[in-house]
Structure formats: C-alpha cells, structure tokens
Protein chains: 2
Amino acid sequence: MTTSLTDKKTTYGVDIEDVRAAAKRIAPYAHITPIMTCATIDELAGRSVLFKCENFQKIGAFKFRGACNAIMGLPDDIAAKGVVTHSSGNHAQAVALAAKLRGIPAHIVMPNNSVVVKKNAVLGYGAKVYECEPNEQSRHEVGERVENETGATFVSPFDDPAIIAGQGTSALEFLDQTSDSGGRGLDAIITPIGGGGLISGTAITCSSLQPSMKIFGAEPKMADDAARSLAKGEFVPVENPQTIADGLRTSTGKYTWPIIRDHLAGITTVSEEDIVKAMRLVWERMKILIEPSSAVAVAAVLSPELKAIPGIDRIGIIISGGNVDIDHLPW
Amino acid sequence: MTTSLTDKKTTYGVDIEDVRAAAKRIAPYAHITPIMTCATIDELAGRSVLFKCENFQKIGAFKFRGACNAIMGLPDDIAAKGVVTHSSGNHAQAVALAAKLRGIPAHIVMPNNSVVVKKNAVLGYGAKVYECEPNEQSRHEVGERVENETGATFVSPFDDPAIIAGQGTSALEFLDQTSDSGGRGLDAIITPIGGGGLISGTAITCSSLQPSMKIFGAEPKMADDAARSLAKGEFVPVENPQTIADGLRTSTGKYTWPIIRDHLAGITTVSEEDIVKAMRLVWERMKILIEPSSAVAVAAVLSPELKAIPGIDRIGIIISGGNVDIDHLPW
C-alpha cells in the first residue's frame, strides 16, 4: 500500500514534519549516535550491515528520544504538574531523565518485582517510584491514582504520536549519516518490534524520505504478535510472552499497528537460541554491549529468510539499546 | 629530562618520523578508531576524559598497529620466509592477521595451557601454532627452533623500534582527532604499561608534537615493575605477577624502558579491586567491552592520586583492547 506524504498526519497521527520537529526539540539533550560496521557480520549476512548505535544514546537506549520529545513538547503549565508512566525498563529511565532535564517531577510506577538496579537508576535521576503488583490491573490502578493525585501527564511507552516522532529521529539521523559519505544510502532498514514505537517512527521517516527503501521488523518467535498481525491483516495481541528479549514482550498499539500494517516489507521472527548467539557475536566481534532486544534484529539479518531477499546491498539495523544486567548473562 | 626532537632517533631508536611513516604504512589495513566520552566518568574523574577506543581496532586491540607496521615494513625477500613470535594474547592475533594480509606465513609459539578460543583465533587467521611448555625456557627453545627451521623473522611483542612506532600511531591519530574540533587539545595522556610498547610510542609521539602534554602510565599494583623502575631510576624486572590484567604481566625492555624513564610525568598503580570496578563502570556506562588491561588506565584516572594533579582539564586514555572471555567475567 502506498500513502502519499501529505496523508500520513491524518492517517497515522504523525508525519515526517513531526519527526523533524522532534529532532530539533531533542537536539540539545540527546546524543547523535554513531554508525558502526563489522567485516565479520557483513560476511555472515552476505551484504553490508550498518549499525545505528542507540546503545550509546542517553540512558543507553533509543527510548530517550521519544520520552524527551514528549516531555519537552508539553506546555509549561501542564509540564509543571509533572509526568507519570509505568515501566520497569528503559522507558522508565528515559522519562525520569527527560523530566529531570526539564526540571519537573517524574512519577514512575514499577512492579514490586523489578530488578533493584533498574529501580535505583530511576531514583538516581530524581524520580519518585511507586510500586505496584506485577500485573496489568494493579499497574493501571496505581498509575491512575498517581495521575489523579498529582495532575501529572501520562507519557506512553510507545503508543503516542509524540513518542513515535521522537523514536523516528534515530532513522532521520541514520539516513543523514549514511547518505553523506559518497551519496550511497541504505537499501533497507530493520528494527526490533515491541510496542512498535521504534519501527513506527522509522517507517514514517524512511517511507517519506526514501520511498524505495524496504522496511523490516524483527521479533522473537516467542513474542511474534506483530508478525502474526501482519500475516492476518488485523491486530493480534501477544499473551504473556517469556522471551529473553524483555523489551519486546508488549503488543503493538492503536497508533503503531496501522503504521506497521501499511509500511513493512516483512517481519522476521527468530528463536531464543539465535537471539543469544547474535548477542554474543556482536559483543565478541564488535566489542559493544547490546541488549537481547537489539540482538533480535541482528539475528534477523543473519537469518536465511532475510538473506534470501534480493536487491539489498546495504541494510541498516537500529541497535535499540545496551542495558544488560552484566551479572546475569544468558550464556 | 628534556631531549630535543632530533635526538630521539639516536637516543631511543625511534622518533616521530618513524611514527608518521608507520601511520602511512598501516593506513590501508588498520581502522581509524573513534574517540568516546562519558559524562558519568567525567564527573567521577573531575575533568574531561577522552577515550581512544583501540578495542575497536582490528583484532580488538592496539597490538595490530605495531605488528602491521613491523610486518609490512619487511623487505620482500625476508618477508617471504615468514614471521615468528611467541604470545598467547593479542600480539599473536596481530601477527597472524598482519602476516595474512601480507600473504606470508606466520608461526606462533603458544604455551600448551593457552585458552582454546585464543588458539582458534590465531588458527583462524591461517597461522601455524607451535605449542611450548608454559615457561620462559621452553618458549625460547621452541621459538628458536622455528626460526632456524623456517628462516622466519622474529616479531617482538613490544621491544622493537618498528613495533613502538606502530603503537605510536594511536596517539598520533588521537592528537589529530582532538585538536581538530575547536582547537582544544589534550593536557595529558595515559596508557597502561605492560612491556611498554604502547606507552613508548605514545611518549615519542606526544613529547614531539605537544611537549607541554603530561604523559602518564598506569599499572596494576601486582605488576608495578615500571613504577618501581621509575622510582628507583633503573630497570626493575617483574616476577611472575598474577594480576587480572593479563596483558600487563611483562617487564619493560631495552628500548621501552629508557623512553619511559625519560618521558613520563608519573605512573599510577591500582588495586585488582579497582581494576574490576573500573571495567564494570565502563561496560555499564559506556556500553563498550574493554579488557582488564585497559581498565587499569581507567582506574588510574579515577584514583585520588591522579585526580589531585592540577592543571589537567582534558586527559586522554588509550583503551588498549577489548578481548575478554565473556564466559568468565571477573564479577
């Protein structure tokens, strides 16, 4: 399906101008992350693979881009009442840091079984932590109570145009960085899919600026809701997936699913074993820490399925993050 | 002590022109490694710390620079007979890869208790491996036998002007990369000291190009031979040190010791505990893999001793390498 550039704002709630505005808004706070390559991985993938290293982003993940855009974009009087979110992972830290930079309160609802180091990271940014039971209902109850008591604005982990536009700034930078040298761009791009914020921002950006580019998603076989949704042509939720890629255990949302549906050339699913193998490979060969969610996209690029697709000489991977508990590695 | 620029070749066997020639010689083969920074580490160190990331160099360590310079510099007829060295670590891989790139045989003598993964890495570059007993005598015997039988040229791990010049290319790049943007250079530079190849090349380069720069070394307290040598003013060997920083268990040599003696502003020694803490800090905060030997220099920059030295706003660290056995981490 093709959607003309001017339609995207009406159809999806977010367009390339939102991404450009986000890039400008977060520029004083976010890192321009580097591109890396690895001869060994090029050889294994059968094509040039370019890594956009969001593991080097503030808080160690792309999530800072979206949270920063959403929080910096709030009107002063609304911002003053603070922000609230629920997350036990990178989004919690992203909201906490962005709120700190804006000088407003952050309220983070976390399950009471969260890893201590993650809770401490959020506290370290000056956020207030509220514990909930580790289930959907308790999370919502506590979240709503905090919203009502404080008047804080809810910052969605992914299903919000401001978040999607913020995540799209990584692809915007990526295109800029790869077309600069020699004028040779990317033929395809791939990101992991959890809630779909990163892939949606990437899809809006790349389809607008380089419509010929193939856009792929990657999912664990154990959390393949987006792949099943795409195959069926309608939203399929994920149910309590146990994949090691903890950032990808979420279903897509009402904003992200239509963008995924209309823009992706395909979604590659990979086994838990291949995720761990890809993670090891990147650590050992590239000397960078990537988290399991990022390794999902690397495993996809190394899969026979993706390697068999012709006409792709240069593929870009957005490495979503590098937040790993180095005391508990999966090998 | 000051030595005029033109003296260095006579006094030390290597000068800045050798380093420049090395840079030109290895340019087609070696990576230009990036500079990274980390706000958390700046804060802990009390000054700006710039990381020159040789963990992203070919074979994952600066050692490729020296080996490549030595091997590419051999006359054709001598090179044709191959090269030989003894090493169980990064130098073995560096020689194996440089020889492969030159298209000549590499003979590597390794102790029979070497880690299998390191032996396989060398074999993977097409080198021939000779096992010796894990002691000095056997290593020399096997090495000499291989030299005699093959006519191969010995490539020293550190104590050779061509190796020192090659290792100096990292500092040459570092100065170039840090003076480019805004014209603000480094006030000081620090590297770990094992055999002394890296610090010697760094000292020749920095003292020639920016004589006001302070040059520091870093050593494990458990292998502090260079620090003790510097304190005493004469060469002191190290004896069977058991530090976790396996790249730094060597004494300095007849070329490297005089360069160290005449150029260093000081050598900071650090505990095993501080090495592991610094290694963790870099992994977790910077998302890059560094090996214990590199963490020694990071620990030094975070030490009260180095932090107390005034007049240093910007210090550069050469991160020597990132080759770590990720199945056996020291925490």
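Calculation rules
- Every chain's residues receive numbers from 1 upward, in the order its sequence appears when written.
- To label them, take the chains in the order written and letter them from A, then take the ligands in the order written and number them from 1.
- Two thresholds apply to this predicted model, a pLDDT of at least 70 for residue-level local features and 80 or more for giving and counting side-chain atom pairs, whereas whole-chain, interface and lining totals are computed over all residues.
- Excluded from the side-chain calculation are hydrogens and water; included are all heavy atoms of the structure.
- A run of H or I in DSSP becomes a helix once it reaches four residues, and a run of E becomes a strand once it reaches two; helices and strands are each numbered from the N terminus.
- Only C-alpha atoms enter the radius of gyration, while the globule expectation follows 2.2 Å times N to the 0.38, with N the number of residues.
- Summary of the burial criterion: residues with accessible area below 20% of their type's maximum are buried, those above 50% are exposed, and those between are partly exposed, where the area comes from a 1.4 Å probe applied to protein chains only.
- Only the protein chains shown count as covering a residue, and every accessible area follows the Shrake-Rupley method with a 1.4 Å probe.
- Centres within 6.5 Å make a pair out of two Phe, Tyr or Trp rings, where for Trp the six-membered ring is used; the pair is then stacked when the planes are under 30 degrees apart, edge-to-face when over 60, and tilted otherwise.
- For this analysis, a nonpolar core means a set of buried residues of the types Ala, Val, Leu, Ile, Met, Phe, Trp, Tyr and Cys, connected via side-chain atoms within 4.5 Å.
- It only takes one pair of heavy atoms within 4.5 Å for two residues to be counted as in contact.
- When the copies are superposed, the least-squares fit draws on C-alpha atoms of residues that have pLDDT of at least 70 in both.
- The term buried area denotes the loss of accessible surface (1.4 Å probe radius) that occurs when two parts are joined, taken as the sum for both partners.
- The salt bridge definition used is simple: a Lys or Arg side-chain nitrogen within 4 Å of an Asp or Glu carboxyl oxygen.
- Under the scheme applied here, ten amino acids are nonpolar (Ala, Val, Leu, Ile, Met, Phe, Trp, Tyr, Cys and Pro), four are charged (Asp, Glu, Lys and Arg), and all others, including Gly, are polar.
- One number per residue, pLDDT, summarises how confident the predictor is, and it ranges from 0 to 100.
- Each domain's extent is set by a domain assignment, obtained either automatically or from a database.
- We treat two strands as partners when DSSP finds at least two bridges between them.

A. Up close: the overall build of chain A. Each helix and strand in chain A was counted, giving 15 helices and ten strands. At 19 Å, chain A has a C-alpha radius of gyration in line with the 20 Å of a compact globule built from 331 residues. Relative to its full complement of 331 residues, chain A shows a buried share of 58%. A total of about 13,300 Å² of accessible surface is found on chain A, and carbon and sulfur atoms cover 50% of it.

B. Quick peek at the packing of aromatic side chains. Throughout the structure, instances matching the rule amount to three aromatic pairs over all chains. Consider the rings of Trp283 of chain A and Trp283 of chain B, whose centres lie 5.8 Å apart with planes at 75°: the pair is edge-to-face. Here the residue Trp283 of chain A occupies a position in helix α13 (residues 272–286), and Trp283 of chain B occupies one in helix α13 (residues 272–286), the pair thus bridging two chains. Neither Trp283 of chain A nor Trp283 of chain B differs from the other in exposure class; each is buried. With a centroid separation of 5.2 Å and 85° between ring planes, the pair formed by Trp283 of chain B and Trp331 of chain B is classed as edge-to-face. Of the two residues, Trp283 of chain B is situated in helix α13 and Trp331 of chain B in the segment after β10 (314–319); the sequence distance between them amounts to 48 residues. Residue Trp283 of chain B is classed as buried on the basis of its relative accessible area, which comes to 0%. In textbook terms, an aromatic cluster arises when at least three aromatic residues are bridged by ring pairs, as seen for Trp283 and Trp331 of chain A together with Trp283 and Trp331 of chain B.

C. Examining the nonpolar core more closely. Grouped together as the largest cluster of nonpolar side chains are 80 residues, with contacts concentrated most on Phe51 and Trp283 of chain A together with Phe51 and Trp283 of chain B. Discounting residues that sit within four places of it in the chain, Trp283 of chain A has contacts with Ile288, Leu289, Ile290, Val324, Ile326, Leu329 and Trp331 of chain A together with Trp283, Leu289 and Ile326 of chain B.

D. Main features of the relation of the copies chain B and chain A. With an axial shift of 0.0 Å and an RMSD of 0.0 Å, the rotation relating chain B to chain A amounts to 180°. Put plainly, the chains are arranged around a two-fold axis. Minimal C-alpha distance to the rotation axis in chain B is attained by Ile288 of chain B, lying at 2.2 Å. When you check the interface residues of chain B against chain A, 100% turn up at the interface there too, and the contact is symmetric in its surfaces.

E. Region of the structure containing the interface of chain B and chain A. Each side of the interface is counted separately: chain B has 17 residues, and chain A has 17 residues. Buried area between chain B and chain A, summed over both chains or domains, comes out near 1,500 Å², and the portion from carbon and sulfur atoms is 62%. Between chain B and chain A we count two salt bridges in total. Per element, the largest residue contribution to the side of chain B that touches chain A is four residues, and it comes from α13 of chain B. Here the residues of the side of chain B that touches chain A sort into nine nonpolar, four polar and four charged.

F. Layout of the confidence of the model for chain A. With 97% of its residues at a pLDDT of 70 or more, chain A has an overall mean of 94. This prediction of the complex comes with two scores: 0.94 for pTM and 0.92 for ipTM.

G. Layout of the domain arrangement of chain A. Residue and element names in this part refer to chain A. In terms of domain boundaries, chain A breaks down into domain 1 (5–62 + 160–319) and domain 2 (63–154). The centre of domain 1, based on its C-alpha atoms, is set 25 Å off from the matching centre of domain 2. In this complex, domain 1 contributes 24 residues to the contact, which on the side of domain 2 involves 17 residues. Summing both sides of the interface, domain 1 and domain 2 together bury roughly 1,600 Å²; the carbon and sulfur share of this comes to 61%. Where domain 1 touches domain 2, the interface holds three salt bridges. One salt bridge connects Glu54 with Arg65, and the closest N-O pair in it is separated by 2.8 Å.

H. Representation of the environment of Pro105 of chain A. Residue and element names in this part refer to chain A. Turning to its location among the elements, Pro105 is positioned in the loop between α6 (90–102) and β4 (106–111). Residues Pro105 and Lys128, 23 residues apart in the sequence, show an inter-C-alpha distance of 7.8 Å. Among all residues touching Pro105, those that are not within four sequence positions of it are Ala80, Gly82, Val83 and Ala99.

I. Structural detail: the pattern of salt bridges. Tallied over the entire structure, the rule returns 30 salt bridges over all chains. Across the salt bridge formed by Lys232 of chain A and Glu234 of chain A, the nearest N and O atoms sit 4.0 Å from each other. With a relative accessible area of 57%, Lys232 of chain A lands in the exposed category. Of the charged contacts, one joins Glu149 of chain B and Arg145 of chain B as a salt bridge, the two residues approaching to 3.7 Å between their closest N and O atoms. With Glu149 of chain B and Arg145 of chain B both in helix α8 (residues 136–150) and four residues apart, the pair spans about one turn of that helix. Through salt bridges with shared partners, one network takes in Lys52, Glu54, Arg65 and Glu173 of chain A.

J. Examining the sheet that holds strand β7 (residues 188–192) of chain A more closely. Within the open sheet, the six strands sit side by side as β1-β2-β10-β7-β8-β9 (chain A). Their pairing is mixed. Edge positions in the sheet fall to β1 (35–36) and β9 (266–270) of chain A, since each has one partner strand and no second.

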